[in-house]
Amino acid sequence: MNAAGQPGPLRLGVNIDHVATIRNARGGDHPDLTRAVRIVSDAGADGITAHLREDRRHVRDADLDRIREATDLPLNLEMAATEEMLEIALRHRPAAACLVPEKREERTTEGGLDAAGQQERLAGTVARLQDAGIRVSLFIEAEERQIAAAMKLGAPVVELHTGRYAHATGPARTRELQRICDMAALAAKNGIEPHAGHGLTYDNVQPIAAIPQLRELNIGHFLVGEALFKGLDEAVRQMRSIMDEAR
Ligand SMILES: CC(=O)[C@@H](O)[C@H](O)COP(=O)(O)O
Ligand SMILES: NCC(=O)COP(=O)(O)O
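Residues numbered from 1 in each chain as written. Chains lettered and ligands numbered in written order. Predicted model: local features only at pLDDT ≥ 70, side-chain atom pairs only at ≥ 80, totals over all residues.

Asker: What is the right way to read the site of ligand 1 from this model?
Answerer: Residues in contact with ligand 1, as listed here, are Asn15, Asp17, His51, Arg53, Glu78, Val100, Thr108, Thr109, Phe139, His198, Gly220 and His221. Here the residues of the shell around ligand 1 are counted per class, giving two nonpolar, seven polar and three charged. (Near = placed C-beta within 6 Å. Nonpolar A, V, L, I, M, F, W, Y, C, P; charged D, E, K, R; others polar.)

Set out below in structure tokens:
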């Protein structure tokens with residue numbers, strides 16, 4: 001919140017992974033990721049997010065340079081906390097690196113990173129990224145013990161996993177929303193910048209975008225799907241406008 005008690009600006013990071021998923025379905029270079037990045041930039045995104053999965057099912061190593069060349073927007077690299085990914089991040093120096101849990105056989109990122117249970121393992125990765133000037137974020141469940149772990153690790157940012165909220169209905173959704181509100185407030189109170197993302201759509205983004213402490217939402221799969229019907233430019237602009245109206 002700013003000095004007047006109003007929520008500050010909310011950045012939109014567009015995750016372009018699933019443009020690459022469609023490209024990879026045929027093995028060529030269409031749809032071109034850099035074209036998508038330029039459209040997203042022109043449509044009002046504040047950043048580009050890409051998850052370089054260990055199995056390279058969507059974005060690939062060579063895409064990272066191509067994304068950087070296509071836009072001045074900051075790149076938020078989502079990555080597992082492995083030595084291989086750390087070396088890639090240190091070579092490419094994205095503006096931000098978001099440490100995510102990864103299971104090879106999962107359909108999508110199923111839950112948050114267990115920062116509380118893996119503090120020792122994560123400490124070195126967080127420190128090496130930060131030493132390289134890369135802003136570290138931890139993609140965690142909205143739980144007090146995970147925020148406490150982020151504080152101990154010295155992470156400047158947490159991204160709260162909104163998957164459970166996105167899939168819940170009725171009172172369960174209200175509970176999930178409250179959890180995210182409370183943990184965004186707790187993070188901010190302790191000097192950690194809270195972000196959120198996963199499974200957000202036009203129908204469910206408004207209450208999340210209205211959480212005053214949140215500074216960034218990362219949204220991908222829905223926007224790429226919606227782009228089939230209205231184009232990527234319009235899909236991003238509409239999301240931007242719902243987010244702006246919520247502040
Ligand atoms: C961590 C995360 O939420 C994103 O990476 C997003 O889900 C897109 O990647 P997947 O669809 O491969 O999970
Ligand atoms: N970290 C969440 C993200 O980048 C986008 O998730 P989704 O919108 O593809 O589910």
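Having seen the structure, we can now continue with the description.
Asker: It is not clear to me how helix α1 (residues 17–26) should be interpreted in this structure. Could you clarify?
Answerer: Every α-helix carries 3.6 residues per turn, so stepping three or four residues along brings you back to the same face. Burial in α1 covers these residues: Asp17, His18, Val19, Ala20 and Arg23. Those residues of α1 that are buried lie in contact with β1 (11–15), α2 (33–42), β2 (47–51), α3 (61–70) and α10 (221–230). Remark: Gly27 follows α1 within two positions and exhibits a positive phi of approximately 80 degrees. (Buried ≥ 20, exposed ≤ 12 C-beta atoms within 10 Å, placed from the backbone. Helix = DSSP H or I, 4+ residues; strand = E, 2+ residues; numbered from the N terminus. Contact = placed C-beta atoms within 7 Å.)

Asker: Explain the UniProt feature "binding site: 1-deoxy-D-xylulose 5-phosphate" (unreviewed entry) in the protein to me, please; I cannot follow it from the model alone.
Answerer: Feature annotation in UniProt assigns "binding site: 1-deoxy-D-xylulose 5-phosphate" (unreviewed entry) to the following positions: Asp17, His18, Arg53, His58 and Thr108. Taken together, the annotated residues stretch across 92 residues yet fold into one region, lying no more than 12.1 Å apart by C-alpha. Following the sequence through the fold, Arg53 ends up in the loop between β2 and α3. The exposure class assigned to Arg53 is buried, which follows from the 20 C-beta atoms found within 10 Å. Arg53 has contacts with His58 and Glu102, leaving out every residue within four places of it along the chain. Summarising the element assignment, Thr108 is placed in the loop between β4 (96–99) and α5 (119–131). Given 10 C-beta atoms within a 10 Å radius, Thr108 is considered exposed. (UniProt positions renumbered as here; feature names shortened; annotations may be inferred.)

Asker: Looking at this structure, how should I read the packing of α10 against helix α11 (residues 232–246)?
Answerer: Helix-helix packing is characterised by the crossing angle of the two axes and by the distance between the axes. At their nearest, the axes of α10 and α11 sit 7 Å apart, and the two run at 120 degrees to each other. On the basis of their axis angle, the class for α10 and α11 is oblique. Once α10 is placed against α11, the crossing between them reads as right-handed. On α11, the residues that touch Leu223, Glu226, Ala227 and Lys230 of α10 are Leu232, Glu234, Ala235, Val236 and Met239. Taken together, the residues of the contact of α10 with α11 break down into six nonpolar, no polar and three charged. (Axes fitted to C-alpha atoms, helices over the stretch in contact; angles between N-to-C directions. Parallel < 35°, antiparallel > 145°, perpendicular 65-115°, else oblique. Left-handed = near helix turned anticlockwise from the far one by under 90°.)

Asker: Please explain the site of ligand 2 as it appears in this structure.
Answerer: Surrounding ligand 2, one finds 13 residues, the nearest of these being Asn15, Gly197, Asn218, Gly220 and His221. Listed by contribution, the elements that provide at least two residues to the shell around ligand 2 are β8 (216–219) and α10.

Asker: Would you mind showing me how to read the sheet that holds strand β5 (residues 135–140) here?
Answerer: Neighbouring strands of a sheet are bound in pairs by backbone hydrogen bonds; such pairs are parallel or else antiparallel. Strand order around the closed barrel formed by eight strands is β1-β2-β3-β4-β5-β6-β7-β8, with parallel pairing between neighbours. The average undirected angle you get between the axes of adjacent strands in this sheet is 25 degrees. Judged from the five bridges that link them, strand β6 (residues 157–161) and strand β7 (residues 193–197) form a sheet pairing that is parallel. Directly across from His161, in β7, lies its bridge partner Gly197. Here α11 sits on the sheet in contact with β1 and β8, set at roughly 150 degrees to β1. (Pairing = 2+ DSSP bridges.)

Asker: How should I be thinking about the packing of α2 against α11 in this particular structure?
Answerer: Look at α2 against α11: their axes get within 9 Å of each other, and the N-to-C directions meet at 40 degrees. Crossing of α2 against α11: the hand is right-handed. Facing α2, whose interface residues are Ala36, Ile39, Val40 and Asp42, α11 presents Leu232, Asp233 and Val236. Tallied by class, the residues present in the contact of α2 with α11 amount to five nonpolar, no polar and two charged.

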